[in-house]
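Spelled out from the first residue to the last, the chains are:
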Amino acid sequence: MTGATVTRTGDGGQRPAHSGTVCLTFDFDAVSAWIGAFGVRTPGVLSRGEYGARVGVPRVIEVLGQHDIRATFFVPGHTLDTFPDAARLIADHGHEIAHHGYVHESPTKYLGDPQAERAMYERGIDAIERLTGRRPRGYRSPGWDLTEESIGLLEDLGFEYDSSLAADDYHLYFARRGDSVQPDGSLRFGPPSSVVEVPVSWSWDDFPQFEFVSHPGFTTSSLAAPSKVLEIWTQDVDYMVERIPNGVFDLTCHPQVIGRGHRIMLLEKFIAHCRQYPSLTFSTVEEAARNFRKGAEASAARPA
Ligand SMILES: [Zn+2]
């Protein structure tokens, strides 16, 4: 329990409270998720994405402002070009805008065609630079999958971090480039890249918890009670604070999902729960990745 302070619990006991970081992230997919991931172009379905821009983003921005939290928004270029006012609202409030494809396409769409995959990254970078005047530092793959080329391409394009993989939960790590699956043998690991991986988890994602989707190959019908989701998220934060020194909790929400009244109240309750721990801080993903890199460089420079 090195480095742990002590937090008093409600039942009069004590438990260790490690330092840790909570990253609130919002994938502002708007209509691009329905077009890019589901191939749907009809008004009824697309209006669910429009809700994210009209209602979800302003509500999320208001909550973040009330709690003085800077968050990370992963935004497809298509969303920036279609809903520039909502995107500007995010940027004007000082939140990080990171890459989430152009029209919410999975990199696996470009399997075997790294040039086309690279062109998709460049199109998304251009859209973010047009809005913010700044290249994105981070990337999150829609649907959380990559090709064997993705990490190498992200590294070549100057990305500092990726947030699409799930080989850890509370610990950041350097993503490998060029892992290869052998048809008749073990997975062959590629060398570590300079891209910091900020891991994700479907259980820390509001979409599968709450959304009703009936689509060939992807069906969810959860429409969960917020109390259930609050229990999952807060217990995973409790575990981190009690047992994981310097952990990072990377929560993924979507304005079109979390924007509903009962879910915005869930977000507020989750923030309040985290704020009970003085040892926890909120940061953007960019800051968390940079802190991890600094720590890794300091350890490498230390004499053995
Ligand atoms: Zn997305």
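As the structure is a computational prediction, the values presented were derived from the model and not from experiment. (Residues numbered from 1 in each chain as written. Predicted model: local features only at pLDDT ≥ 70, side-chain atom pairs only at ≥ 80, totals over all residues. Heavy atoms only, no water.)

Caption draft 1: Up close: unusual backbone geometry. Phi at alanine 30 is positive, roughly 50 degrees, even though this residue is not glycine. For alanine 30, the position within the fold is in the loop between strand E3 (20-27) and helix H1 (32-37). For alanine 30, a relative accessible area of 2% corresponds to the buried category. Positioned with a positive phi, asparagine 246 is a non-glycine residue whose angle comes to about 55 degrees. Inspection of the secondary structure assignment puts asparagine 246 in the loop between helix H8 (226-243) and strand E12 (247-253). Exposure remark for asparagine 246: the relative accessible area of 59% places this residue in the exposed category. (Helix = DSSP H or I, 4+ residues; strand = E, 2+ residues; numbered from the N terminus. Buried < 20%, exposed > 50% of the residue type's maximum accessible area, 1.4 Å probe, protein only.)

Caption draft 2: Region of the structure containing the pattern of salt bridges. Evaluated as defined, the whole model comprises 16 salt bridges. A salt bridge links aspartate 179 to arginine 176; the nearest nitrogen and oxygen atoms lie 2.8 Å apart. With relative accessibility at 19%, the residue aspartate 179 sits in the buried group. Look at arginine 176 and you get partly exposed, because its relative accessible area is 36%. For arginine 290, the salt bridge goes to glutamate 286, with nearest N and O atoms at 3.0 Å. Remark: glutamate 286 and arginine 290 occur in helix H11 (residues 285-301); sequence separation between them is four residues, near one turn of the helix. Overlapping salt bridges, with partners in common, bring together Arg134, Arg137, Glu160, Glu286 and Arg290 in one network. (Salt bridge = Lys/Arg side-chain N within 4 Å of Asp/Glu carboxyl O.)

Caption draft 3: Fine view of the coordination of the zinc ion. The coordination sphere of the zinc ion contains the protein donors Asp29 (OD), Asp29 (OD), His100 (NE2) and His104 (NE2), at a distance range of 2.1 to 2.6 Å. Around the zinc ion, the four donor atoms sit at angles spanning 52 to 135 degrees, and that spread fits a shape best called irregular. When the donors of the zinc ion are listed by position in the chain, the intervening gaps give D-x70-H-x3-H. Taken as a pair, aspartate 29 in the loop between E3 and H1 and histidine 100 in the loop between strand E5 (96-99) and helix H5 (114-132) lie far apart in primary sequence, 71 residues in all. Exposure remark for aspartate 29: the relative accessible area of 4% places this residue in the buried category. (Donors = N, O, S within 2.8 Å, 3.2 Å for Na, K, Ca; no water. Tetrahedral: all angles 85-135°; square planar, octahedral: opposite > 155°, others 65-115°.)

Caption draft 4: Spotlight on helix H10 (residues 261-275). In a regular helix each residue adds 1.5 Å, so 15 residues correspond to 21 Å; H10 covers 21 Å between its end C-alpha atoms and thus fits that length. Those residues of H10 that fall on the buried side of the exposure criterion are Arg263, Ile264, Leu266, Leu267, Phe270, Ile271, His273 and Cys274. (Expected span 1.5 Å × (residues − 1).)

Caption draft 5: Region of interest: the nonpolar core. With 59 residues, the main nonpolar core has Leu24, Phe26, Phe28, Phe73, Trp233, Phe249 and Phe270 as its most contacted residues. With seven residues, the top contributor of residues to this core is helix H2 (residues 43-66). In this structure, phenylalanine 73 is in contact with Phe26, Val60, Ile61, Leu64, Ile90, His95, Glu96, Ile97 and Ala98, ignoring residues within four places of it in sequence. Among the nonpolar cores identified, the runner-up in size contains 13 residues, and Met120, Tyr139, Ile151 and Val195 belong to it. (Core = buried A, V, L, I, M, F, W, Y, C linked by side-chain atoms within 4.5 Å. Contact = heavy atoms within 4.5 Å.)

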